[in-house]
Amino acid sequence: EPEVTQTPSHQVTQMGQEVILRCVPISNHLYFYWYRQILGQKVEFLVSFYNNEISEKSEIFDDQFSVERPDGSNFTLKIRSTKLEDSAMYFCASSETWDMGEKLFFGSGTQLSVL
Amino acid sequence: RKEVEQDPGPFNVPEGATVAFNCTYSNSASQSFFWYRQDCRKEPKLLMSVYSSGNEDGRFTAQLNRASQYISLLIRDSKLSDSATYLCVVKGAQTGGSYIPTFGRGTSLIVHP
């Protein structure tokens, strides 16, 4: 079964450093998402991406965050200057269409620890 | 009122028990509903979509009550392997026309021998 892959699985960084989280969505999917989950809290939407541009973003997704699809397969999330509160599990997801009944496929996540 | 609300539990049940979870949503215009399962420190995985007429998949039954704005998940004959967090996901939960899937906080289920 096709799957969404994320790298790295764990990332440790110092506060103020830039990090790039990488995702390879399922190949025929057109819609991509980043979610995050702080330990013990709910899965929170960050941003959605379609046709090489952001389609929606949440209040969490401020100027410190950016997304990019640098080639035909990768989808990246960049945090420019990490803060302690950015420590969380970051999940990439993709879907084939925007249909209301369409489900999301999630990657296994990148655990980001900001020290 | 939170957009998607769930009782966090934990629900602690013996093997073989029947257990039910509810999830309420605040936006009456919400369009699509799903139950996902999340194991500890893992990604959410789709358990089932929830259809207006209700639907069943083996031991799992999902119901939608639009009038009262809640969905439910019933698990019959619980197995140890059902222990997980069950996430309610609603599309169209947010006001203003967004159809981004919005997650509830999840309900923790522990099935013991």
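Cut-offs and rules
- Residues numbered from 1 in each chain as written.
- Chains lettered and ligands numbered in written order.
- Predicted model: local features only at pLDDT ≥ 70, side-chain atom pairs only at ≥ 80, totals over all residues.
- Heavy atoms only, no water.
- Helix = DSSP H or I, 4+ residues; strand = E, 2+ residues; numbered from the N terminus.
- Rg over C-alpha atoms; globule rule 2.2 N^0.38 Å.
- Buried < 20%, exposed > 50% of the residue type's maximum accessible area, 1.4 Å probe, protein only.
- Contact = heavy atoms within 4.5 Å.
- Buried area = accessible area lost by both parts, 1.4 Å probe.
- Polar contact = N/O pair within 3.5 Å; in protein donor to acceptor, adjacent residues only side chain to side chain.
- Nonpolar A, V, L, I, M, F, W, Y, C, P; charged D, E, K, R; others polar.
- Pairing = 2+ DSSP bridges.
- Axes fitted to C-alpha atoms, helices over the stretch in contact; angles between N-to-C directions.
- Salt bridge = Lys/Arg side-chain N within 4 Å of Asp/Glu carboxyl O.

Enquirer: Explain the overall build of chain B to me, please; I cannot follow it from the model alone.
Expert: Within chain B one finds zero helices and 11 strands. The order of α-helices and β-strands along chain B, N terminus first, is β-β-β-β-β-β-β-β-β-β-β. The C-alpha radius of gyration computed for chain B amounts to 14 Å, which stays within 12% of the reference 13 Å derived for 113 residues, consistent with globular compactness. By the burial criterion, 48% of the 113 residues in chain B qualify as buried.

Enquirer: I would appreciate a short explanation of the interface of chain A and chain B in the present structure.
Expert: Accessible area lost during the coming together of the parts is what is often quoted as the interface size. Residue-level contacts link 24 residues of chain A with 19 residues of chain B. Interface of chain A and chain B: buried area, both sides summed, is about 1900 Å²; carbon and sulfur atoms make up 59% of it. Where chain A meets chain B, there are six residue pairs in polar contact (both at pLDDT 80 or more). For the side of chain A that touches chain B, the elements supplying multiple residues, two or more each, are β4 (31-37), β5 (43-50) and β9 (88-95) of chain A. Of the residues belonging to the side of chain A that touches chain B, the class tally is 11 nonpolar, eight polar and five charged.

Enquirer: It is not clear to me how the sheet that holds strand β7 (residues 65-68) of chain A should be interpreted in this structure. Could you clarify?
Expert: Strands pair in a sheet through their backbones, by hydrogen bonds, and they do so in one of two ways: parallel or antiparallel. Residues and elements named next belong to chain A. One open sheet accounts for four strands, arranged β1-β3-β8-β7; its pairing is antiparallel. If you trace the sheet from one side to the other, it starts and ends with β1 (5-7) and β7, each paired once. Put simply, the sheet's adjacent strands are angled 20° from each other on average, direction ignored. Where strand β3 (residues 19-24) and strand β8 (residues 75-79) come together, five bridges link them in antiparallel fashion.

Enquirer: Can you help me understand the pattern of salt bridges in this one?
Expert: When their charged atoms lie close together, side chains carrying opposite charge are able to pair. Residues and elements named next belong to chain B. In this structure the tally under the stated criterion is five salt bridges over all chains. Residue Asp 39 is joined to Arg 37 by a salt bridge in which the shortest nitrogen-to-oxygen separation is 2.9 Å. Under the relative-accessibility criterion, Asp 39 is labelled partly exposed at 30%. Two residues, Glu 56 and Arg 76, come together in a salt bridge whose shortest N-O distance is 3.6 Å. Of the two residues, Glu 56 sits in strand β6 (residues 55-57) while Arg 76 sits in the loop between β8 (70-75) and β9 (84-91), which places them 20 residues apart along the sequence. Glu 56 sits in the exposed class, given a relative accessible area of 57%.

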